[in-house]
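Take a look at the letters that make up each chain.
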Amino acid sequence: MRPSFYPRLINGAFDDPGLFIPFIFEKHAVIFDIGDIYSLSTRDILKIRHVFVTHTHMDHFVGFDRILRLFLGREQNLFLYGPEGLLKNVEGKLAGYSWNLVKNFSNRFTLYASEVRPEHIITKKYLCQNRFLPAQEAIQQPFNGILLQEPGFDVSAVILDHSIPCLGFAIREQFHVNIIKNNVSCLGLEIGPWLKEFKQALFNNQDPDSEFEVKLRKENSSAKRFVLKDLAKRIALITPGQKVVYIADVVYNKFNVEKMVELARAADHLFIEAAFLEKDRDLAENKYHLTARQAGYIAGRARVKQFTLFHFSPRYTGQELLFEKEARQAYESVIKNGSKEKEVKP
Ligand SMILES: [Zn+2]
Ligand SMILES: [Zn+2]
């Protein structure tokens, strides 16, 4: 089944991190981290509706200004999510410009920024026409791991440690419903708009024992009724949607590893930082980053189908292949021997 989104790293492995995730056939994209985003076209940036920031070190957040610049003057809502401290950082950035003329704008561009804390998500609204002064009241909601729930996908997060709180993200596509056309005609039904309603009933988790009515287009033919789960069994092949995970800037400790493995479990594609090689493990620890070997170990423990490393320290320019080799060895070793991989244990 064809996936509904295709993630791609914005820059090369030595440049600022960031994952751009456009949805096919839709003018819609989400983005994980917004460091240097100049290699994204204006057209691509304007597709973004949801921005997820792991943490606000410059290399992950400096692109905020470019996004804001392009959205100014548009009738659009933009949703930004990040770790504790995000609201202060956003307000600091917004306070860095003069906004005396925006009251004349006819559009109502609005930024919603949400700060993820262990127990709650705190959201503030910043209306452009109101000079981006925060709306008086912040909205507080309980945090249960899910940041965004849309009809076709959801985004969840865990709070990791990078000497400051740092979020790891997973985007999951909803399952796919493939219609077996032959079986539709075997039931004496025709292909028609009712199939859309049928898929929607499954996506909405409608009670499987409830009745589903198939309205036929032919005149004089009355509607046919089925039990939803029976109809699904006869005419649909249900396959899981893809899961993509993004982890940037974390220290290797037991607490982080367990959370990352849980987040990335069975992902189709894990994008994970590896700033250092294992020979510089102490340096990685001092800077609260991973080594390639540690990243490979996490990918193996999580049994991900595919992983991509990024965020290499410039000290290793020209040595990209060593990162791949080191991570691949750790990954394969864990897959083969289980998580008994002593050397990589925290
Ligand atoms: Zn970084
Ligand atoms: Zn960082």
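What comes next concerns the included structure. Just so it is clear, the model here is predicted, and its values are computed rather than measured.

Considering the pairing of strand 9 (residues 146-149)
Two elements, strand 9 and strand 10 (residues 153-161), share three bridges in a ladder whose sense is antiparallel. By the bridge assignment for strand 10, Ile146 is matched with Ser156. Where strand 9 hands over to strand 10, the hairpin turn is made up of three residues, counted between the paired strands.

Overview of the nonpolar core
In summary, soluble globular proteins display a tendency toward joint burial of nonpolar side chains. In this structure, Ile247, Leu270, Ile298, Val304 and Leu309 are the most contacted members of the largest nonpolar core, which totals 36 residues. If you list the elements that add at least two residues to this core, you get strand 10, strand 16 (243-247), helix 8 (254-264), strand 17 (269-273), helix 10 (292-301), strand 18 (307-310) and helix 11 (320-337). In this structure, Ile298 is in contact with Tyr252, Val257, Met260, Val261, Ile272 and Leu290, ignoring residues within four places of it in sequence. Among the nonpolar cores identified, the runner-up in size contains 33 residues, and Ile31, Leu86, Trp99 and Phe109 belong to it.

Concerning the packing of helix 8 against helix 10
Interhelical geometry of helix 8 versus helix 10 gives an angle of 50° and a closest axis separation of 8 Å. Here helix 8 is positioned oblique relative to helix 10, judged by the angle of their axes. For the pair helix 8 and helix 10, the crossing hand works out as right-handed. Residues Val257, Glu258, Met260 and Val261 of helix 8 form the contact with helix 10, whose own contacting residues are Tyr297, Ile298 and Arg301. Considered class by class, the residues forming the contact of helix 8 with helix 10 number five nonpolar, no polar and two charged.

Side note on the coordination of the zinc ion (ligand 2)
The zinc ion (ligand 2) binds to the protein through His55 (NE2), His57 (ND1), His162 (NE2) and Asp249 (OD), with metal-donor distances spanning 2.2 to 2.3 Å. Donor residues for the zinc ion (ligand 2) sit on one chain with the sequence pattern H-x1-H-x104-H-x86-D. His162 gets classed as buried once you look at its relative accessible area, which sits at 2%.

Here's the deal with the coordination of the zinc ion (ligand 1)
Summarising the metal site, the zinc ion (ligand 1) is bound by the protein donors Asp59 (OD), His60 (NE2), Asp249 (OD) and His311 (NE2), whose distances to it range over 2.1 to 2.3 Å. Viewed at the metal, the four donor atoms of the zinc ion (ligand 1) are separated by angles of 79 to 158°, and the geometry they form is irregular. Ordering the donors of the zinc ion (ligand 1) by residue number gives the pattern D-H-x188-D-x61-H. The distance between the zinc ion (ligand 1) and the zinc ion (ligand 2) comes to 3.6 Å, and Asp249 binds to both of them. On the criterion of sequence distance, the pair formed by Asp249 in the loop between strand 16 and helix 8 and His311 in the loop between strand 18 and helix 11 is long-range, its members being 62 residues apart.

Some thoughts on the pattern of salt bridges
If you walk through the whole model with that rule in mind, you get 15 salt bridges. Among the salt bridges present, the one from Asp44 reaches Arg8, with a minimum N-O distance of 3.0 Å. Separated by 36 residues along the polypeptide, Asp44 in helix 1 (residues 42-45) and Arg8 in strand 1 (residues 8-9) bring together distant segments of the chain. The class of Asp44 is buried, set by a relative accessible area of 13%. One salt bridge connects Lys215 with Glu197, and the closest N-O pair in it is separated by 3.6 Å.

Rules used throughout
Residues numbered from 1 in each chain as written. Chains lettered and ligands numbered in written order. Predicted model: local features only at pLDDT ≥ 70, side-chain atom pairs only at ≥ 80, totals over all residues. Heavy atoms only, no water. Pairing = 2+ DSSP bridges. Helix = DSSP H or I, 4+ residues; strand = E, 2+ residues; numbered from the N terminus. Core = buried A, V, L, I, M, F, W, Y, C linked by side-chain atoms within 4.5 Å. Buried < 20%, exposed > 50% of the residue type's maximum accessible area, 1.4 Å probe, protein only. Contact = heavy atoms within 4.5 Å. Axes fitted to C-alpha atoms, helices over the stretch in contact; angles between N-to-C directions. Parallel < 35°, antiparallel > 145°, perpendicular 65-115°, else oblique. Left-handed = near helix turned anticlockwise from the far one by under 90°. Nonpolar A, V, L, I, M, F, W, Y, C, P; charged D, E, K, R; others polar. Donors = N, O, S within 2.8 Å, 3.2 Å for Na, K, Ca; no water. Tetrahedral: all angles 85-135°; square planar, octahedral: opposite > 155°, others 65-115°. Salt bridge = Lys/Arg side-chain N within 4 Å of Asp/Glu carboxyl O.

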